[in-house]
Amino acid sequence: MSDKIDAVLKSAVDEGQVPGVTAMAAGPTETLYKGAHGIRALPNGAAMTPDSVFWIASMTKAITSTAAMIQVERGKLQLDTPIEDVVPELKGRQVFEGYDGNMAKLRPPKSKPTLRQLLTHTAGFSYDIWNADLGRYMEENEIPGVISCENKALSTPLTFDPGTRWDYGINIDWAGKAVEASSGQTLGQFFAENIFGPLGMTSIGFKLTEDMRSRLVGMHTYGEDGKLGPMEFEIPQQPEFEMGGGGMYGTVADYTKFMQVFLNAGKGANGHQLLKPETVAEMSRNNIGDVDVVALKTAIPPYSNDAEFFPGMQKKWGLGFMINTADVPGRRKANSLNWAGLGNTYFWIDPTSKICGVIMTQLVPFADPTVLGLLDRFEEAVYARA
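In this report, the structure presented in the accompanying data block is examined. (Residues numbered from 1 in each chain as written. Predicted model: local features only at pLDDT ≥ 70, side-chain atom pairs only at ≥ 80, totals over all residues. Heavy atoms only, no water.)

Structural notes on the overall build of the chain
Logical step 1: For the chain, the count of helices and strands is 10 helices and 13 strands.
Logical step 2: Projected onto its principal axes, the C-alpha positions of the chain cover 60 × 50 × 45 Å.
Logical step 3: Among the 386 residues that make up the chain, the fraction classed as buried is 56%.
Logical step 4: Once local pairs closer than 6 in sequence are excluded, the contacts in the chain between residues at least 24 apart make up 68%.
Logical step 5: By element, 50% of the accessible surface of the chain is carried by carbon and sulfur atoms, the whole surface being about 15000 Å². (Helix = DSSP H or I, 4+ residues; strand = E, 2+ residues; numbered from the N terminus. Buried < 20%, exposed > 50% of the residue type's maximum accessible area, 1.4 Å probe, protein only. Contact = heavy atoms within 4.5 Å. Areas by Shrake-Rupley, 256 points an atom, 1.4 Å probe, with all protein chains shown as cover.)

Take a look at the structure:
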């Protein structure tokens, strides 16, 4: 199997599709594949290695959601009560309905957001990357983008009434704030003590250590000639808030240790019981009812293409993950958990087949068709193993 996967990844590098790529696949306790090809940064960076460090962006969300569920297990947070009871900064948040001429239309929401709605992206928050009106509102009100890690970035209004639809946004950043408020720790401290330490995850976090920086993969983007080149990028290392929705750096090995918890009824590959089996079951089921996950239409093309996984398939959301509702031929089974990061990092967790996988590159815009094709071929090679 390793030869087949190596051939898939190496061909993508040789053909100039990606500067470099690292990938890993695993069962509940065993490694099925781990490899790396290419270089960490154009034009002549160090060789990519399996322990290379990537900005994992929105792959942070599943970890923050897990932290929130640890607090639910402990009775420190509740899924279905107003989250403003824990995070009072959310009190009085209004619904933004777009513009009437030059006037922003705002009104009170019909209900108050809950933690369950934050974890399922049904609380009412959006991202400016996929909402042009919200981007205009943020510009007019001098609200920075969330990637600034400034608290003011979280001052955006809701864009719909909580619970009425799904839209991707800053929900998990607020879930992170709830973890901090309920624990008395920063998010990074909570992760280190309750997730990373117990699972043996050693090269992951909001802050780049000197060792992690020595293995860091550079960001890339397309030039006017259509070719990839280096791009200056780094998440603030002295942030006003640690961005639970997308602020972390990490490796494929550490993220795999996290994913294995969801293949193993809440237990890490090292035997540590991180979550109760019933918590994993709750996180892994449809938590949005009749609401569906919808395609994301870009409002900022340099950072994201239009994005939809498995077009034509109904998608749902659990507590921290997207769920595909049908089998993908030759690949993951129905009810697999998955998501991605803006820099074109992708993962899936297939509880039926007992397989998880992660593939990381480092380039924007998101949902790069070439990288999505590489994900498909990597996954097919994993499932075709002897």
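Quick look at helix α10 (residues 369–383)
Logical step 1: In this model α10 runs 21 Å from its N-terminal to its C-terminal C-alpha over 15 residues, within 8% of the 21 Å that 1.5 Å per residue would give.
Logical step 2: Within α10 the residues assigned to the buried category are Val371, Gly373, Leu374, Leu375, Phe378, Glu379, Ala381, Val382 and Tyr383.
Logical step 3: For α10, the secondary structure elements touched by its buried residues are α1 (2–14), β1 (20–26), β2 (31–38), β12 (345–350) and β13 (355–360).
Logical step 4: One side-chain oxygen at the N-terminal end of α10 lies 3.1 Å from the backbone nitrogen of Thr370; it belongs to Asp368. (Expected span 1.5 Å × (residues − 1). Polar contact = N/O pair within 3.5 Å; in protein donor to acceptor, adjacent residues only side chain to side chain.)

Side note on helix α6 (residues 187–199)
Logical step 1: The end-to-end C-alpha separation of α6 is 17 Å, in line with the 18 Å expected for 13 residues at 1.5 Å each.
Logical step 2: All of the buried residues in α6 are Leu187, Phe190, Phe191, Asn194, Ile195, Phe196, Pro198 and Leu199.
Logical step 3: Turning to α6, the residues buried within the fold contact α2 (60–73), α5 (171–183) and α8 (252–260).

Description of the nonpolar core
Where a protein is soluble and globular, its nonpolar side chains tend to be buried together.
Logical step 1: Among the nonpolar cores identified, the biggest contains 121 residues, and Phe191, Ile195, Tyr255, Phe262 and Phe347 are the most heavily contacted of them.
Logical step 2: The leading source of residues in this core is α10, at seven residues.
Logical step 3: With near-sequence residues (within four places) excluded, Phe262 lies in contact with Thr66, Leu275, Val280, Met283, Phe321, Leu337, Ile349 and Pro351.
Logical step 4: In terms of nonpolar packing, the next biggest core, distinct from the first, is built from six residues, Leu134, Tyr137, Met138 and Ile143 among them. (Core = buried A, V, L, I, M, F, W, Y, C linked by side-chain atoms within 4.5 Å.)

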